[in-house]
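Now for the letters of each chain:
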Amino acid sequence: MMIKPIILLADGVSRGKGQLVAGRMAYAQGTKYQDKYFRKTYYFGARTDLLHNEIILPENAPSEYRDGQTFLDAWNTSEKRKDALMAHQYILILPNELNAEEWIKLARAFAQDNFVKEGFPVYFAIHRGLVDKHIKPAGIRAVVERQDNPHIHMLVAFRQVGKDGFCSEKSKGRTTYQKRFLYHLRESWAEIQNRSFERLGIDVRVTADSYQKRGISRKPTIHLGPWVMAKEAAGVETKLGNQYREILAENQTREQQIEAELQREAERQQEYELDRER
C-alpha cells in the first residue's frame, strides 16, 4: 500500500498586512469582488481551472449570506479595525486518485467537521491545477513525475455567525490560531481522505506525520507559488527558488549516502556469508 504525506498550508488574512478577503475570493473564484471597507475592487481575470466554489454556512446563518458579495460585505462590516485579522486561509492539496465529485465531498467534510459545526462560515474554491497550465521553470526540477495539482483554497472567518449575522465576540476564533489546532487540522485532513480511499477500495493512504516521525531521512520541499514560478520562468533567481534547489541537492546527497551505506552493508553481509561457507 502506498502511503503519501498530506499537504496543508495555513496562513492568516490580515488587513494590517494589506491582505483582504475580497482579493483572496476574487483570485480563487476568478470573479469580481468589492471590498467596501477600503473601497477597492478586485478582479484577476476569469479562471479556466475553477472546478467548484461554495459558501458553507452554519444552520442558523442568514440565508442571504449565500450570495458571495453580500456575505463579503457582512464579513467586512463585522470588523471595525483597519488592522483586523479577518480570516484563516488554508490551501489543501487534493489526491489525484479521486475524481472531482469526491474532491468536493472532501472539501465539504473538512469545512463542516472543523469549522461550520462550530459556527464559523467557510468559503472555498477548488482548482484543477492542470499540469500543462503550470509549466515548471527549467531551474525548478520536479521532485517526482509531475501530475495535475488539484487543490482547495479555503477561507474561514475569524468570527462565528448566528441568526443575526456575524457575532460581536471573536474569542472563539482565537483558539483556531493555536499550533495545536493546526496539528488537529492536519490529522483531520488525513483521516477524511483515508475514509474515502477505504470506502472506494483504493490502495492508497495518506499521513499527517512528518518525514522525521516516519523515519524518513529527507527534508520536505517548500511551496513556491505562482509569483515565484513566474519569476523563475523568466530567468530570475528567487530566494525561495534557491532554497528549493538547496533542499533538493541536500536530499539527493543524503539519499546517495544512504544508498552507499546500504550497498556497503550488503557487501559486508555477502562477505560474512561466504566466510561461513568456507
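Residues numbered from 1 in each chain as written. Predicted model: local features only at pLDDT ≥ 70, side-chain atom pairs only at ≥ 80, totals over all residues. Heavy atoms only, no water.

Novice: Just checking my understanding: could you explain the overall build of the protein chain for this structure?
Specialist: Looking only at helices and strands, the protein chain features 7 helices and 11 strands. Here the protein chain, with 278 residues, has 41% of them falling under the buried criterion. Within the protein chain, contacts between residues at least 6 apart in sequence are counted, and of these 70% link residues at least 24 apart. Accessible surface, the protein chain as shown: approximately 16400 Å² in total, 49% of it carbon and sulfur. (Helix = DSSP H or I, 4+ residues; strand = E, 2+ residues; numbered from the N terminus. Buried < 20%, exposed > 50% of the residue type's maximum accessible area, 1.4 Å probe, protein only. Contact = heavy atoms within 4.5 Å. Areas by Shrake-Rupley, 256 points an atom, 1.4 Å probe, with all protein chains shown as cover.)

Novice: What am I meant to see in the environment of D203 here?
Specialist: Mapped onto the elements of the fold, D203 is located in the loop between α5 (179-200) and β11 (204-207). Here the alpha-carbon distance between D203 and E97, two residues 106 residues apart in the chain, equals 9.7 Å. Once residues within four sequence positions are removed from consideration, D203 is found in contact with M1 and M2.

Novice: Please clarify how the packing of helix α3 (residues 100-114) against α5 should be interpreted in this entry.
Specialist: The description of two helices packed together rests on the angle between their axes and the distance between the axes. As a packed pair, α3 and α5 sit with axes 10 Å apart at the nearest point and diverge in direction by 140°. The pairing of α3 with α5 is recorded here as oblique in orientation. In terms of crossing hand, the pair formed by α3 and α5 is right-handed. Facing α3, whose interface residues are E102, K105, L106, A109, F110, D113 and N114, α5 presents F181, H184, L185, S188, W189, I192, Q193, R195, S196, R199 and L200. In the contact of α3 with α5, the residues fall into 8 nonpolar, 5 polar and 5 charged. (Axes fitted to C-alpha atoms, helices over the stretch in contact; angles between N-to-C directions. Parallel < 35°, antiparallel > 145°, perpendicular 65-115°, else oblique. Left-handed = near helix turned anticlockwise from the far one by under 90°. Nonpolar A, V, L, I, M, F, W, Y, C, P; charged D, E, K, R; others polar.)

Novice: What's the story with the side chain of S188 in this structure? I'm lost.
Specialist: Assignment of secondary structure puts S188 in helix α5. The exposure class assigned to S188 is buried, which follows from its relative accessible area of 9%. In contact with S188, other than residues within four places in its own chain, are F110 and N114.

Novice: Help me understand α5, please; the structure alone is not making it clear to me.
Specialist: Helical geometry: 3.6 residues make up each α-helical turn, so side chains three or four residues apart lie on a common side. Its 22 residues place the ends of α5 32 Å apart at the C-alpha level, agreeing with the 32 Å of an ideal helix rising 1.5 Å per residue. By the burial criterion, the buried members of α5 are F181, L185, S188, W189, A190, I192, Q193, N194, S196 and F197. (Expected span 1.5 Å × (residues − 1).)

Novice: Which parts of the structure should I look at to understand the packing of aromatic side chains?
Specialist: Given two aromatic rings, their pairing is described by the distance between the two centres and the angle made by the two planes. Applying the stated criterion across every chain, the model contains 12 aromatic pairs. One aromatic cluster in this structure is built from Y90, F110, F115, F181 and W189. When the ring centre of Y37 is taken as reference, the NZ or CZ atom of R15 above it lies at 3.6 Å. The ring of Y27 has R47 sitting right over it, with the charged end atom 4.8 Å from the ring centre. (Phe/Tyr/Trp six-rings, centres within 6.5 Å; stacked < 30°, edge-to-face > 60°. Lys NZ or Arg CZ within 6 Å of the ring centre and 35° of its normal.)

Novice: Sorry if this is basic, but what is going on with the nonpolar core here?
Specialist: General note: in soluble globular proteins, nonpolar side chains tend to be found buried as a group. Core analysis: the biggest nonpolar cluster contains 31 residues, and Y90, F110, F115, I152, M154 and W189 have the highest contact counts within it. Sorting the residues of this core by element identifies β6 (85-93), α3, β7 (122-127), β8 (151-157), α5 and β11 as the ones contributing at least two each. When residues no more than four places from it in sequence are discounted, the contact partners of M154 are H88, Q89, Y90, L92, A107, F110, A111, F115, V122, Y123 and F124. Of all hydrophobic cores here, the second largest spans 26 residues; its members include L20, A28, L57 and A87. (Core = buried A, V, L, I, M, F, W, Y, C linked by side-chain atoms within 4.5 Å.)

Novice: Looking at this model, I keep getting lost on unusual backbone geometry. Mind explaining?
Specialist: Backbone phi values are negative for most residues with the exception of glycine, while trans is the configuration of most peptide bonds. The phi dihedral of R39 is positive, around 55°, even though this residue is not glycine. Relative to the helices and strands, R39 resides in the loop between β3 (33-35) and β4 (40-42).

Novice: Explanation requested: the pairing of β8 in the structure shown.
Specialist: Side chains on a regular strand alternate between the two faces of the sheet. In terms of residue burial, β8 counts as a mostly covered element, since 7 of its 7 residues are buried. Burial along β8 is two-sided: the residues H151, H153, L155 and A157 and I152, M154 and V156 are all buried. In the sheet, β7 pairs with β8 via 6 bridges, with the strands oriented antiparallel. By the bridge assignment, Y123 is partnered in β8 with L155. (Pairing = 2+ DSSP bridges.)

Novice: In this structure, what is going on with the sheet that holds strand β5 (residues 50-56)? I would like to understand it.
Specialist: Spatially, β2-β6-β8-β7-β5 is the arrangement adopted by the 5 strands of the open sheet, whose pairing is antiparallel. The open sheet has two free edges, formed respectively by β2 (8-14) and β5, since each of these has just one partner strand. This sheet shows a mean twist of 15° between the axes of neighbouring strands, independent of strand direction. Where β5 meets β7, 6 bridges bridge the pair, whose relative direction is antiparallel. When the sheet's bridge partners are listed, H52 is paired in β7 with I126.

Novice: I'm lost on helix α1 (residues 21-29) in this one. Help?
Specialist: The buried fraction of α1 amounts to 7 of the 9 residues, a majority that puts the element mostly inside the structure. Just past α1, the residue G30 takes up positive phi, approximately 70°.

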